[in-house]
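Reading the structure
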Amino acid sequence: MNETVPIILTKLHPPLLRRNTIPRERLASLVRACAERRLTLVCAGAGYGKTTLIADSLAGTDRLIWYSLSRSDRDVVTFISYLTEAFDRHWPGFAEAVRLGFAPGTNARTHPASFVAACVNQLVAVATDDFIVVLDDFQLVDHIPEICQTLDQLISHAPPEAHFVIATRAAPAFACLPRLRAEGEALEIGEADLKMTPDEAAAVFERCLKLSLSEPATSSLVEQIEGWALGLLMAGQSIKGQQSRGEVLPLSEAERGQGGEVDRRVLFDYLSEEVMRQQAPDMVDFLLSSAILSRLEPTECDEALGRLDSADHLRRLEQHCLFVVRTEDGWLRYHRLFREFLLQHLANEPERREALHRRAAAYFEERRNFEAAVSHWLEAGDRRQAATLIASVAAEMIH
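Keep in mind the model is a prediction, meaning the values are calculated, not measured. (Residues numbered from 1 in each chain as written. Predicted model: local features only at pLDDT ≥ 70, side-chain atom pairs only at ≥ 80, totals over all residues. Heavy atoms only, no water.)

**Quick look at the overall build of the protein**
This is how the line gets drawn: Secondary structure is summarised from DSSP: a helix means a run of H or I of at least four residues, a strand means a run of E of at least two, and numbering begins at the N terminus for each. For this analysis, residues touch if any pair of their heavy atoms sits within 4.5 Å. Calculation of accessible area relied on Shrake-Rupley with a 1.4 Å probe; when residues are assessed, cover is drawn exclusively from the protein chains displayed. Under the convention used here, Asp and Glu are negative, Lys and Arg are positive, and both His and the chain ends fall outside the count. For the purpose of locating charges, the reference atoms are NZ of Lys, CZ of Arg, CG of Asp and CD of Glu.
In terms of helices and strands, the protein carries 20 helices and seven strands. Viewed in the frame of its principal axes, the protein has a C-alpha envelope of about 85 × 50 × 40 Å. Taking as baseline every contact in the protein between residues at least 6 positions apart, the subset at least 24 positions apart corresponds to 73%. Looking at the protein as shown, the accessible area adds up to about 19300 Å², and 51% of this sits on carbon and sulfur atoms. The distance from the centre of the 43 positive side-chain charges to the centre of the 58 negative ones in the protein is 3 Å.

What follows is the structure, given as structure tokens:
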């Protein structure tokens, strides 16, 4: 392909599974059914256990081709080089055959379609049984058009023995995806599916932490943390630490949701590194501003926060599974712990925080949402304005 890319071979190995990995059979059966479809998408935010689920479900599978992407792969030649090497590990000589399949004077950077043709033709020649191609952390490159187009064409034209599993944070913009959905050739496992049940959380606590909690206490934690796998594991570690120091609360208090609080410092460090650091400045600005609102509706966000771009940001947040939840009434809201994290960050900018709450208070007061208005006046530190509004509403009700 005329360009040599150093290959880190560990990126082409499935991750090692810990002995205490918890089987999630209700989801594993769906992942294993990938051999019955062309494409399986596992889409969820950070820390929902996508990689572990896929690796555990497909452990022992013959002809498993694995590629863990990284930020350094945001180049079509690097991507193609790794993918070709992954195939070569199962069919020795594959990479050389693909290279020879290029027309003279062409290369993967300027003619990615030539790579797809050469790769597909070689797969037809060597693949006699079904094989599964896993691309993990695809969200790290899904904004590179050349990579998306190359993989889109490969999925579309690969021989019928090929099955693709993609772990990512948002469904990629593949041209073939609507057709695969319509034909029943695409299976999508989403964040709602990946949320842990109380039984799964109890199994994690028992097997990973040797921690036994009552059913009410476990259910309370699952509800508080909204089934987020990593958050539950951190909460369990926090409880275990309390127990080892003799600080654990009485069981009755834990069952009421007052014990077993997740260690916010560890969790928030994770969110800073894995979520916030990956966002563009305009998205960070929106996240911090909109965190003061309990519900996220485009027009309300624009007017309460003085913005014009809320609809676009909310669409991107939901598309990329960035810790937003759609409620039963159709509105979006932030995951509880993520909102707490954002508000803590916003507290580091007290003047901005006050200004946002004042604007929101005025907005809600004008629309006669007095409960929200009073709350925002209080958050802005303006007790006099809150008291004046309460007195005004009371007088209006009396008269």
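**Things to note about the pairing of strand S4 (residues 162-168)**
Going by this rule: The buried label goes to any residue with under 20% of its type's maximum accessible area, the exposed label to any with over 50%, and the partly exposed label to all in between, with areas taken from a 1.4 Å probe on protein chains only. DSSP-based pairing: two strands are paired if at least 2 bridges between them are found. Handedness rule for crossovers: strands pointing away from the viewer, path from the first strand over the helix to the second running clockwise, crossover right-handed.
Buried residues dominate S4, accounting for seven of its seven residues. Along S4, one buried face is formed by Ala162, Phe164, Ile166 and Thr168 and the opposite face, lined by His163, Val165 and Ala167, is buried too. In the sheet, strand S1 (residues 39-43) pairs with S4 via five bridges, with the strands oriented parallel. When the sheet's bridge partners are listed, Leu41 is paired in S4 with Ile166. Note that strand S3 (residues 131-136) and S4 share five bridges and pair parallel. From the neighbouring strand, Val134 faces S4, where its bridge partner is Val165. Regarding topology, helix H6 (residues 145-157) serves as the crossover connection from S3 to the parallel S4, and that connection is right-handed.

**Looking at unusual backbone geometry**
Positive phi, close to 60°, is recorded for Glu226, a residue that is not glycine. Of note, Glu226 is situated in the loop between helix H10 (215-225) and helix H11 (229-244). Judged by relative accessible area, which is 9%, Glu226 ranks as buried. With a phi angle near 60°, Arg368 is a residue other than glycine that sits in the positive phi range. Locating Arg368 in the fold gives a position in the loop between helix H18 (350-366) and helix H19 (370-379). On the basis of relative accessible area, Arg368 is assigned to the partly exposed category, the value being 49%.

**Some words on the confidence of the model for the protein**
As a reminder, the rule being used: pLDDT measures the predictor's confidence residue by residue and takes values from 0 up to 100.
Mean pLDDT over the protein works out to 88, with 91% of the residues at or above the 70 mark. No element of the protein has a lower mean pLDDT than helix H12 (residues 251-255), which averages 41, and none a higher one than S3, which averages 98. For residues 248-260, every residue scores under 50 in pLDDT, and the model assigns this stretch 22 contacts once sequence neighbours within four places are set aside.

**Section: the environment of Ala361**
Its location among the elements puts Ala361 in helix H18. Each C-alpha atom of the pair Ala361 and Val374 lies 6.9 Å from the other, and the pair is 13 residues apart in sequence. In contact with Ala361, not counting residues within four places along its chain, are Ala373, His376 and Trp377.

**Focus on the pattern of salt bridges**
Rule in force here: The working definition used for a salt bridge is a side-chain nitrogen of Lys or Arg within 4 Å of a carboxyl oxygen of Asp or Glu.
Enumeration according to the criterion identifies 25 salt bridges in this entry. In this structure, Arg307 engages Asp309 in a salt bridge whose closest nitrogen and oxygen atoms are separated by 2.9 Å. With its nearest N and O atoms 3.0 Å apart, the salt bridge here joins Arg358 to Asp382. A residue pair is termed long-range when its members are at least 10 positions apart, and Arg358 in helix H18 and Asp382 in the loop between H19 and helix H20 (383-398) qualify at 24 residues. Look at Asp382 and you get buried, because its relative accessible area is 15%. One salt-bridge network, held together by shared partners, links Asp285, Arg307, Asp309, Glu349 and Arg352.

**Brief notes about the pairing of S3**
Taking burial as the measure, the six residues of S3 include six buried ones, the bulk of the element. What you see with S3 is no split at all: Phe131, Val133 and Leu135 on one side and Ile132, Val134 and Asp136 on the other are buried throughout. Bridging between strand S2 (residues 64-68) and S3 involves five bridges; their strand directions are parallel. Looking at the pairing, Trp66 lines up with Val134 of S3.

**Regarding the packing of aromatic side chains**
What counts here: Centres within 6.5 Å are what make two rings of Phe, Tyr or Trp a pair, Trp counting through its six-membered ring; a difference in plane orientation under 30 degrees is then read as stacked, over 60 as edge-to-face, and the rest as tilted. Consider the ring centre and the ring normal. A charge sits over the ring if Lys NZ or Arg CZ is within 6 Å of that centre and within 35 degrees of that normal.
Going through the model one piece at a time under the given rule, you end up with 16 aromatic pairs. Taken together, a centroid distance of 6.2 Å and an interplanar angle of 35° make the contact between Trp91 and Phe94 tilted. The pair Trp91 / Phe94 is uniform in exposure class, with both members buried. Here the aromatic cluster, defined as three or more aromatic residues joined through ring pairs, consists of Tyr48, Trp228, Phe268, Tyr270, Phe323, Tyr334, Phe338 and Phe341. Over the face of the ring belonging to Tyr82 we find Lys11, whose NZ or CZ atom lies 4.2 Å from the ring centre. Here the guanidinium or amino end of Arg295 rests over the ring plane of Trp331, the centre of that ring lying 4.2 Å away.

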